[in-house]
Amino acid sequence: MTEQLQPTSVALNRLVVVGLGLIGASAAKAARDRGLCRQVIGISRRDSTLEIALQQGVIDRAETSLESLGAELGHGDMVLIGVPTLTVAEVLADCSKWLSDQVTVTDVASVKGNVVEMARTIYGEIPPQLVPGHPIAGSEKSGVNAAQADLFVDHRVILTPTEQTGDDHLQRVSAFWRGVGASVTSMPVSRHDKILAATSHLPHLLAYALVDSLAAGGEHRDIFRFAAGGFRDFTRIAASDPVMWRDITVANREAILGVLDPVLEDFAALRSAVDRGDQQVLIETFTRARDARRYFEKLLENRSMNLSPARSETRYRLSPGGHGQATLRVPGDKSMSHRSVMLGSLAEGMTEVTGFLEGEDSLATLQAFRDMGVLIEGPDQGRLAIHGVGLHGLKAPIRPLYLGNSGTSMRLLCGLLAGQNFAVELTGDESLSKRPMARVANPLRQMGAVIETAEGGRPPLKIQGGKTLHAIDYDMPMASAQVKSCLLLAGLYADGTTTVREPAPTRDHTERMLHGFGYAVDSASGRASLSGGGVLKARRIDVPADISSAAFFMVAAAITPGSDILLKHVGVNPTRTGIIAILRLMGSDIDVHDQGEIGGEPIADIRIRYRPLVGIDIPQDQVPLAIDEFPVIFVAAACAAGRTRLTGAAELRVKESDRIQVMADGLQALGIAAQPTTDGMQIEGGQLSGGEVDSHGDHRIAMAFSIAALRANGEILIGNCNNVATSFPEFVDLAQVIGLAIRVEDMA
Ligand code: S3P
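All figures in this text were calculated on a predicted structure; none of them were measured in a lab.

Draft legend 1. Representation of the overall build of the protein chain. When you go through the protein chain residue by residue, the secondary structure sums to 24 helices and 34 strands. In terms of overall size, the protein chain behaves like a compact globule, its C-alpha atoms giving a radius of gyration of 30 Å where 748 residues would be expected to give roughly 27 Å. When each of the 748 residues of the protein chain is scored for burial, the buried share is 53%. Of the roughly 30,300 Å² that the protein chain leaves accessible, carbon and sulfur atoms contribute 50%. Averaging the positions of the 71 positive and the 87 negative side-chain charges in the protein chain gives two centres separated by 2 Å.

Draft legend 2. Representation of helix α22 (residues 699-708). Of all 10 residues in α22, 10 are buried; the element is thus mostly enclosed. Near the N-terminus of α22, the side chain that reaches the backbone nitrogen of Arg700, with its oxygen 3.1 Å away, is that of Asp698.

Draft legend 3. Representation of the nonpolar core within the structure. Grouped together as the largest cluster of nonpolar side chains are 83 residues, with contacts concentrated most on Phe553, Leu567, Phe630, Leu667, Ile707 and Phe731. It is helix α18 (residues 547-559) that contributes the most residues to this core, 11 residues altogether. With residues near it in sequence (within four places) discarded, Phe630 still touches Ile582, Ile618, Val623, Leu646 and Leu652. Membership of the second largest hydrophobic core comes to 66 residues, among which are Leu343, Leu394, Met447 and Val543.

Draft legend 4. How the structure looks around the domain arrangement of the protein chain. When its domains are assigned, the protein chain resolves into domain 1 (3-187), domain 2 (196-277), domain 3 (314-329 + 544-746) and domain 4 (334-542). Measuring from the centre of the C-alpha atoms in domain 1 to the corresponding centre in domain 4 gives 50 Å.

Draft legend 5. A look at the pattern of salt bridges. Throughout the structure, instances matching the rule amount to 41 salt bridges. Measuring nitrogen to oxygen at the nearest pair gives 3.4 Å for the salt bridge that ties Asp522 to Arg527. Look at Arg527 and you get partly exposed, because its relative accessible area is 23%. Connected via shared salt-bridge partners are Arg435, Arg507, Asp628, Glu656, Arg659, Asp698 and Arg700.

Draft legend 6. Region of interest: the sheet that holds strand β5 (residues 104-107). Pairing within the open sheet is parallel, and its six strands lie in the order β3-β2-β1-β4-β5-β6. The sheet is open, and its two edges are formed by β3 (61-63) and β6 (130-131), each paired on a single side. Across the face of the sheet, helix α1 (residues 22-33) comes into contact with β1 (14-18), β2 (39-43) and β4 (78-81) while running at roughly 160 degrees to β1. Packing against the sheet, helix α5 (residues 167-179) makes contact with β1, β4, β5 and β6, and its axis sits at approximately 65 degrees to β4.

Draft legend 7. Spatial organisation of the packing of aromatic side chains. On inspection of all chains with the given rule, the structure shows seven aromatic pairs. With centroids separated by 6.1 Å and ring planes inclined at 70 degrees, the aromatic side chains of Phe552 and Phe731 adopt a geometry described as edge-to-face. In this pair, Phe552 is assigned in helix α18 and Phe731 in helix α24 (residues 731-737), connecting sequence segments 179 residues apart. Each member of the pair, Phe552 as well as Phe731, carries the same accessibility label: buried. Among the aromatic side chains, those forming a connected cluster through ring pairs are Phe552, Phe553, Phe728 and Phe731.

Draft legend 8. Focus on the site of the ligand. By nearness alone, every residue bordering the ligand is listed as Ser335, Arg339, Thr408, Arg411, Ser480, Ala481, Gln482, Arg507, Ile627, Asp628 and Lys655. The contact in question runs from an oxygen atom of the ligand to an N or O atom on the backbone of Ala481, over 3.0 Å. Between the ligand and Asp628 there is a distance of 2.5 Å, counted from an oxygen atom to a side-chain nitrogen or oxygen. Elements represented by at least two residues in the shell around the ligand include exactly α12 (334-346), α14 (407-418) and α16 (481-491). For the shell around the ligand, the class distribution of residues is two nonpolar, four polar and five charged. Two domains share the shell around the ligand, each providing at least three of its residues, namely domain 3 (314-329 + 544-746) and domain 4 (334-542).

Draft legend 9. Main features of the sheet that holds strand β17 (residues 451-454). Strand order in the open sheet made by the four strands is β15-β16-β18-β17, with mixed pairing throughout. Whereas interior strands pair on both sides, the edge strands pair on one side only; in this sheet they are β15 (401-402) and β17. As paired strands, strand β16 (residues 424-427) and strand β18 (residues 458-463) are joined by three bridges and run antiparallel to one another. Paired with Leu426 across the strands is Leu461, a residue of β18.

Draft legend 10. The arrangement of the environment of Pro135 in detail. With respect to the helices and strands, Pro135 occurs in strand β7 (residues 133-136). Residue class for Pro135 comes out buried when judged on its relative accessible area of 4%. Put simply, Pro135 and Ile606 are 471 residues apart on the chain and 53 Å apart in space, counted from C-alpha to C-alpha. Sequence-distant contacts of Pro135, that is, excluding residues within four places in its chain, are made with Ile23, Val108, Phe152, Arg156, Val157 and Trp177.

Draft legend 11. Representation of the pairing of strand β30 (residues 673-677) in the model. Where β30 lies against strand β31 (residues 680-684), five bridges are found, and the strand directions are antiparallel. Within the sheet, the bridge partner assigned to Ala673 lies in β31 and is Glu684. Here β30 folds back onto β31 in antiparallel fashion, the turn holding two residues.

Draft legend 12. Representation of the environment of Gly378 within the structure. As for its position among the elements, Gly378 is in strand β13 (residues 375-380). Measuring from C-alpha to C-alpha, the distance between Gly378 and Val173 comes to 43 Å, with 205 residues separating the pair along the chain. Dropping the residues within four chain positions of it, Gly378 is found in contact with Arg290, Asp291, Arg370, Arg383 and Leu384.

Draft legend 13. Molecular detail of the packing of helix α6 (residues 189-216) against helix α9 (residues 242-251). Packing of α6 against α9 leaves a shortest axis separation of 11 Å and a crossing angle of 125 degrees. Accordingly, the angle class assigned to the pair α6 and α9 is oblique. Classified by chirality, the crossing of α9 by α6 is left-handed. Between α6 and α9, the contacting residues are Ser200, His201, His204, Leu205 and Tyr208 on the first element and Pro242, Trp245, Ile248 and Thr249 on the second. Grouping the amino acids of the contact of α6 with α9 by side-chain chemistry returns five nonpolar, four polar and no charged.

Draft legend 14. Quick look at the side chain of Asp333. Structurally, Asp333 is set in the loop between β11 (325-328) and α12. From its side chain, Asp333 meets the backbone nitrogen of Ser335 in a polar contact 3.0 Å long. Not counting the four nearest positions on each side in its chain, Asp333 is found in contact with Leu357, His509, Val543, Pro544, Ala545, Asp546, Ile547 and Arg576.

Draft legend 15. Focus on unusual backbone geometry. A cis amide bond, omega 5 degrees, links Gly378 with the succeeding residue Pro379. Its location among the elements puts Pro379 in strand β13. Of note, the phi angle at His569 is positive, near 55 degrees, even though the residue is not glycine. Here His569 lies in strand β26 (residues 564-571). In this model, Asn720 sits at a positive phi of 60 degrees, which is unusual for a non-glycine residue.

Draft legend 16. Seen up close, the side chain of Arg435. By secondary structure assignment, the location of Arg435 is in the loop between β16 and α15 (438-446). The class of Arg435 is buried, set by a relative accessible area of 4%. Not counting chain neighbours up to four residues away, the residues in contact with Arg435 comprise Asn405, Gly407, Arg411, Gly457, Arg458, Pro459, Val654, Lys655 and Glu656.

Definitions and limits used
Residues take numbers from 1 onward in each chain, read along the sequence in its written order. In keeping with the model being predicted, local features are shown solely for residues with a pLDDT of at least 70 and side-chain atom pairs are shown and tallied solely at 80 or more, while totals for entire chains, interfaces and linings include all residues. Side-chain measures here rest on the full set of heavy atoms in the structure, leaving out hydrogens and waters. Where helices and strands are cited, they refer to DSSP runs of H or I of at least four residues and of E of at least two residues respectively, numbered from the N terminus. The size measure is the radius of gyration over C-alpha atoms, and the globule rule it meets is 2.2 Å times the number of residues to the 0.38 power. Any residue under 20% of the maximum accessible area for its type is buried, any over 50% is exposed, and the rest in between are partly exposed; the area is computed with a 1.4 Å probe on protein chains only. Accessible areas in this description were obtained via Shrake-Rupley with a 1.4 Å probe; residue shielding takes into account the shown protein chains only. Two residue types count as positive, namely Lys and Arg, and two as negative, namely Asp and Glu; His and chain ends fall outside the count. For charged residues, the charge sits on one atom: NZ in Lys, CZ in Arg, CG in Asp, CD in Glu. Definition of a polar contact: a pair of N or O atoms within 3.5 Å, with one able to donate and the other able to accept a hydrogen when the atoms are protein atoms, and with sequence-neighbouring residues admitted only if both atoms are side-chain atoms. Throughout, nonpolar core names a set of buried Ala, Val, Leu, Ile, Met, Phe, Trp, Tyr and Cys residues whose side chains join them through atoms within 4.5 Å. Between two residues, a contact is recorded if the distance between any of their heavy atoms is within 4.5 Å. The split of the chain into domains comes from an automatic or database domain assignment. Salt bridge criterion: a side-chain nitrogen from Lys or Arg within 4 Å of a carboxyl oxygen from Asp or Glu. Here the rule is simple: two strands pair whenever DSSP picks up at least two bridges between them. A fitted line through C-alpha atoms serves as each axis, taken over the contacting stretch for helices, and the angle formed by two N-to-C directions is quoted from 0 to 180°. When two rings of Phe, Tyr or Trp (its six-membered ring) have centres within 6.5 Å they constitute a pair, described as stacked for plane angles under 30 degrees, edge-to-face for angles over 60, and tilted for the intermediate range. Nearness is judged by heavy atoms alone; a residue qualifies as near a molecule or strand once a single heavy atom is within 4 Å of it. By the convention adopted, Pro, Cys, Tyr, Trp, Phe, Met, Ile, Leu, Val and Ala count as nonpolar, Lys, Arg, Asp and Glu as charged, and the other residues, Gly among them, as polar. Orientation is classified from the angle alone, with under 35 degrees giving roughly parallel, over 145 giving roughly antiparallel, 65 to 115 giving roughly perpendicular, and any other angle giving oblique. It is the rotation of the near helix from the far one that decides the hand of a crossing: anticlockwise by less than a right angle makes it left-handed, clockwise makes it right-handed.

Structure representation (structure tokens):
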């Protein structure tokens, strides 16, 4: 008697794999090994393949056609079509004849457009049971003998459901792929085919062409005999199955031509540069390509484009305690790093930067300028060489500029791009996509810019370009350096004198750096003005250590008995030193010495030693001067005797997360009485306990709760910590130097 699985809506009863090539056989073996279904049935035209599959434990049962099996299959069963792309139509025709509409049908072909079209032709319309899919897990090996049960582990499977696809079927296919260890993404058919044309089909074509061309030459034996690593790496995929790649190339003809033609043009340009011995073009091309390759590795591979396995979330696990003794130099200032790339790119001549922050936010700005044609060498241990293109030398990017998590990039770029003669779109990650942009879009519109936002004034931002900007005199409704900087950057392109007035002093790095680039800015208390039409002249920039990153270690020392931390070469611009003033008011022992100035920015070494803290009412005039430091200041307040009260800080609600709510929730989870208010928080100092908190993907919240472990009496778990890399990639290493026992756990 056969045992009948009681399928939940998405449970898998029988898996039928049609075509036992590398992918089909590996899917069958993985399902069988992992017990994902009751029975795995293989269908192949070749008896020998079926025999091997049975012998090697790839399948439970062999069949030669769907016809003999179709009537047995029903709800909960899934047919996976694993045949070459151009043969999928034949199998789909069999499916339409022999399967009930209850059976889920999916495929693994590398081109999705033609599968969907074939289905439409065969069925008359796309059937709800069809879930087109593509596991990105092939290799140059082929056939049932190459089957590997772990082929899909940590690989991506792209599903391209259509509007007709039934949810039940989609869930079943998705659960299957997750069950064999893959991560599943879904996207529209046409996007899939375009992306794959560029990332997979074109490289195969290039590899085949190179090997074929060299092999045809008279000296091919010698060439292959002496071929070194580069040739081997580049041509590995030319050993792939020719039938499969013929099919893919035919099926995705249009999208492949769409990427092949521009590459051929670039290749022709490179040929002519080689012919002319044009060193400049060669160095520019190679540098751009190298940097783009490194950038993809570092940043995009894991997150923005959803092409490769998703970067799994990380969690921090901290044991309580730590000694708080060290001499440290934290990484470069984030605000200045962004501005160094922006102004360096728009300057005339080459700007050399040292101390550049290699965090994801400033790298997003850097990539945006590369996307607009600026040649930037580095970063190499904080060094950049920016070949400025002048205020009018940027080129239209070919795709939207992706700015990750970085509000500073988006707001400042918005102003700068409003003055260009090309259109551009700015996008960001989930957190950035929720942040308010009307604060920059509205005044820019007053200047004559045409900017479209998504609902509620949120990203993405579409900037039309080609508009003449007119200077305005603008009273900012909130104290925001990003808004001020955005308008000053737009002012570089405007007729007349742009003036921005602020309700309270905010960081003035833009004004100082513009001045350093030889651009006249008239700054007085509460106001900054500049006139359009000037020139920026390249210069050297040394970015000091970021006081916002140093703040975590200042608070670490302030709350840890026996501590003594020296922070070297920190930027102490008076618009940023609220953290020092506030900690001092709470009783902290802070020494600021070896003060100096580099490139118009004050720097100093800061020494903090433990002294018991007391709760205070935080003076409102310090709020903009410590705006990014409140998450960790709240931790200091939790360790202080008595009550600390913050008011006038509603801006905290629209940072990378709602920092008032998220910090209050976290502190409460750690046993502290923290009361959020509309524009601040009230915290009663007490004993921090262990517990679990969620940083909501906010870098500064993850770091603030890590510091709390120094005074907690139990283990602290902090969720969603990946974004620490946006501003402070070395945080975990430096935290360990002060004795924090911090473990980074992958939440795959
Ligand atoms: C920044 C300004 C501040 C700050 C942000 C960086 C800048 O934002 O919070 O981290 O570099 O101009 P607001 O202008 O929104 O206050």
